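Reading the structure
The chain contents come next:
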Amino acid sequence: MKNIAVLVSGGGTNLQALIDAEARGEIKNGKITAVISSSPTAYALERAKNAGIPGYVVSRKDYASNRDLTIALAEQLKEQNIDLIVLAGFMYVLTDELVDAYPNAIINVHPALIPSFCGEGFYGLHVHEHALAYGVKVSGATVHFVSKECDGGPIILQKAVEVKEDDTPETLQRRIMEQAEWKLLPRAVSLFCEGRLSVDGRAVHIAEV
Ligand code: GAR
């Protein structure tokens, strides 16, 4: 059984999708054993509490730098025997030490079709503002392994979602969550826990069962 830590900063709807998938038995060979929040007031912590999952807060102000925070976080995750880290709307930029400690064992969900609308500064609603300003007719979500390049790691799953004429960043965000993120993330996490993902350069291969 793989131990999963989910890192969050906000509402935690992706965390909820993972909790619900686990309850339905859809995270095969995996269990969420920790939720770590960048903010003590994140609603995601309530979701963890309601599901009986231990919640922790890592505050940037307790550390001198992002690097110090990352090193402390990596130590905590190793102590807790975490096998897989899921970034589910986690808004701090973590430094390379976490990738060194967990190579191809950190999964991120991004609300666009990478390599579009990604990289530094592209997070949360900003991503959808950029997509609408560009005038794309489809956007979507990407679940990928985290590498040292921001949003640049090997892609595990992607799904396209239609952009509608009267979309606002909020309506587009919601449609992408419902149609893509909340489905792809639990599926990718289960594939990892089942040992079905292998990375070959940029390519992620998914083993059939
Ligand atoms: C999600 O849309 C996620 O894809 C995005 O933040 C939102 C978190 O929502 N992540 C990024 O933009 C990362 N670059 P949630 O807290 O309700 O899951």
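Residues take numbers from 1 onward in each chain, read along the sequence in its written order. The predicted nature of this model means local features are confined to residues of pLDDT at least 70 and side-chain atom pairs, given and counted, to a pLDDT of 80 or more, with totals for whole chains, interfaces and linings taken over all residues. With hydrogens and water stripped out, all remaining heavy atoms of the structure feed into the side-chain values.

**Some remarks on the pairing of strand E5 (residues 106-110)**
Heads up, the rule is: Relative accessibility thresholds used throughout: buried, under 20% of the residue-type maximum; exposed, over 50%; partly exposed, between the two (1.4 Å probe, protein chains only). Helix and strand definitions follow DSSP, with helices as H or I runs of at least four residues and strands as E runs of at least two, each counted in order from the N terminus. Two strands are counted as paired when DSSP detects at least two bridges linking them. Seen with its strands pointing away from the viewer, a crossover is right-handed when the path leading from the first strand over the helix to the second is clockwise.
With five of five residues buried, E5 lies mostly within the body of the structure. Neither face of E5 is left uncovered, since the one carrying Ile106, Asn108 and His110 and the one carrying Ile107 and Val109 both have all their residues buried. Summarising the sheet, strand E4 (residues 84-87) and E5 pair through three bridges and their orientation is parallel. Within E5, the residue paired with isoleucine 85 across the bridge is isoleucine 106. Crossover handedness for the path E4 to helix H4 (residues 96-101) to E5: right-handed. Judged from the four bridges that link them, E5 and strand E6 (residues 138-145) form a sheet pairing that is antiparallel. From the neighbouring strand, histidine 110 faces E6, where its bridge partner is threonine 142.

**Topic: the site of the ligand**
Condition: For this purpose, a residue is taken to be near a molecule or strand whenever a single non-hydrogen atom of the residue falls within 4 Å of it. Per-residue and other accessible areas follow the Shrake-Rupley method at a 1.4 Å probe size, with only the shown protein chains counted as cover for residues. Residue classes follow a fixed rule: Ala, Val, Leu, Ile, Met, Phe, Trp, Tyr, Cys and Pro count as nonpolar, while Asp, Glu, Lys and Arg count as charged, and any other residue, Gly among them, counts as polar.
Near the ligand there are 14 residues, and of these Gly12, Thr13, Asn14, Gly124 and Glu181 occur at the shortest range. Surface burial for the ligand is 92%, taken as the share of its 450 Å² of free accessible area covered by protein chains. For the shell around the ligand, the elements supplying multiple residues, two or more each, are helix H1 (13-23), E5 and helix H6 (169-193). Here the shell around the ligand is composed, by residue class, of six nonpolar, seven polar and one charged.

**Description of the packing of H1 against helix H2 (residues 43-50)**
As a reminder of what qualifies: Axis definition: a line fit to C-alpha positions, over the contact stretch in the case of helices; interaxial angles, taken between N-to-C directions, run 0 to 180 degrees. Angular relationships are summarised with four words: roughly parallel below 35 degrees, roughly antiparallel beyond 145, roughly perpendicular across 65 to 115, and oblique for the angles in between. Handedness of each helix crossing follows the sense of rotation of the near helix against the far helix: counterclockwise by less than a right angle gives left-handed, clockwise gives right-handed. Contact criterion: two residues are considered in contact whenever any of their non-hydrogen atoms come within 4.5 Å of each other.
For the pair H1 and H2, the least separation of the axes is 9 Å and the interaxial angle reads 15 degrees. Considering their axes alone, H1 and H2 lie roughly parallel with respect to each other. In this structure, H1 crosses over H2, and the sense of that crossing is right-handed. Every residue of H2 that contacts H1 at Thr13, Leu15, Gln16 and Ile19 is listed here: Ala44, Arg47 and Ala48. Its residues placed into classes, the contact of H1 with H2 shows four nonpolar, two polar and one charged.

**A word on the pairing of E4**
What you see with E4 is no split at all: Leu84 and Val86 on one side and Ile85 and Leu87 on the other are buried throughout. Bridging between strand E1 (residues 2-8) and E4 involves four bridges; their strand directions are parallel. By the bridge assignment, alanine 5 is partnered in E4 with isoleucine 85.

**Digging into H6**
Basically, it comes down to this: Any helix carries an expected span of 1.5 Å times its number of residues minus one. Here the bend at a residue means the angle between the axes of two seven-residue stretches, the one that ends at it and the one that starts at it.
Compared with an ideal rise of 1.5 Å per residue, which puts 25 residues at 36 Å, H6 spans 33 Å between its outermost C-alpha atoms and is within 8% of the ideal. Approximately 50 degrees is the largest bend angle found in H6, and it occurs at methionine 177.

**Let's talk about the packing of H1 against H6**
Contact pair H1 / H6: the axes reach a minimum separation of 9 Å and the direction vectors enclose 55 degrees. What the angle tells us is that H1 and H6 run oblique. In the packing of H1 onto H6, the handedness of the crossing is right-handed. Here Thr13, Asn14, Ala17, Leu18 and Ala21 of H1 lie close against H6, whose contacting residues are Met177, Glu181, Trp182, Leu185, Pro186 and Val189. When grouped by side-chain class, the residues that make up the contact of H1 with H6 number eight nonpolar, two polar and one charged.

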